[in-house]
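Each chain, letter by letter, is given below.
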Amino acid sequence: MQSQSGQPSIELFGITIMEPMVTFTDLWITSVCIFAFVKLVKLDKKGKVHQYMRWYFLIMAVATFLGGILGHAFQYAVGLQWKLPGWLISMFAVMAVERASIMHAQPVINDKFGRFLEIANVVELLTFAVITFSTVNFFFIQVHSAYGLGMVVLPIHFLVYWRTRNAGSRVFFLTVIFASLAAFFYTSGIGLHTWFNNLDIAHTIMAISMYLFYRGARNLEVLEPEDIHEDKGSFKGAVLDALKGVQVLHNKN
């Protein structure tokens, strides 16, 4: 049995497993998310921002586990519609990281704009959930993720970093840029081998991104009025400072 991705099935103890490497890399993401969740629970930082980040990793762990098992390994047995649980749960994970980002930025952004983003966060989730459930098309999961990360998380954390030089926000907006490579490989079909195809590369990038988000979450501090500066330099300067600060942050942690 061979899947649409072209990766042959294998048999273990008489059980057929479709897309074994794709399944493995999905579960790799799950493992990183569980690691991040456990570590953040032990860190026990207070506040809704950190609460939502813990939820993000836990929900994403469930989503990728179901995606690997039902959406890939045993999809032949349960049917295409069983891809939906993992897909839809992953949308709640994206909602959680959006929510955390919006709350983290509240001292920096306008109150009305912050409330608008919170409402849009819910409307966006419901809209894409209905469309995805109706069409059973992963494309809309990609669009939802691209919107949530690219149009909400990235600009919010860049704004926070620009105004405060918060180390956590630096990691977040750079990680979103890196994570966009996953979408490129997923849609391009470019892979290294039958046993490490475009989905495997995309999943590997996602696993690394989850770890980087975890590193960023550890450094999300409550912003105080004195942290906010009216002039933190140019856009280019902020980007260069962020790139220079990644290695410093890594060494510090």
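Quantities reported herein were computed from a predicted structural model and do not represent experimental measurements.

### Side note on the side chain of arginine 54
Residue placement: arginine 54 occurs in helix 2 (residues 48–73). It is aspartate 44 that comes nearest to the buried, bridge-free arginine 54 among opposite-charge side chains, at 5.0 Å. For arginine 54, the contacting residues outside a window of four places in its chain are Phe37, Leu40, Val41, Asp44 and Lys45.

### Focus on the confidence of the model for the protein
Scored by pLDDT, the protein comes out at a mean of 87, with 85% of its residues at no less than 70. Ranking the helices and strands of the protein by mean pLDDT puts helix 1 (residues 20–43) first, with 97, and helix 9 (residues 235–252) last, with 51.

### Thoughts on the nonpolar core
Ranked by size, the top nonpolar core spans 27 residues in total, and within it Met53, Tyr56, Phe57 and Met210 carry the most contacts. Where this core is concerned, the elements lending two or more residues are helix 1, helix 2, helix 4 (84–104), helix 6 (139–164), helix 7 (167–188) and helix 8 (198–218). Take this core: its biggest share by element is seven residues, from helix 2. Once residues lying within four places of it in the same chain are set aside, the contact partners of methionine 53 are Val97, Ala100, Phe172, Ala217 and Leu220. Counting residues in each nonpolar core, the second largest holds eight residues, with Ile102, Val108, Leu117 and Val152 among its members.

### Observations regarding the pattern of salt bridges
Working definition: two side chains of opposite charge can pair if their charged atoms are close together. Scanning the model with the defined rule gives one salt bridge in all. Among the ionic pairs, aspartate 44 bridges to lysine 46, the shortest N-O distance being 2.9 Å. The class for lysine 46 is exposed, based on a relative accessible area of 60%.

Conventions used here
Residues numbered from 1 in each chain as written. Predicted model: local features only at pLDDT ≥ 70, side-chain atom pairs only at ≥ 80, totals over all residues. Heavy atoms only, no water. Helix = DSSP H or I, 4+ residues; strand = E, 2+ residues; numbered from the N terminus. Buried < 20%, exposed > 50% of the residue type's maximum accessible area, 1.4 Å probe, protein only. Lys, Arg positive; Asp, Glu negative; His and termini not counted. Salt bridge = Lys/Arg side-chain N within 4 Å of Asp/Glu carboxyl O. Contact = heavy atoms within 4.5 Å. pLDDT = per-residue confidence, 0-100. Core = buried A, V, L, I, M, F, W, Y, C linked by side-chain atoms within 4.5 Å.

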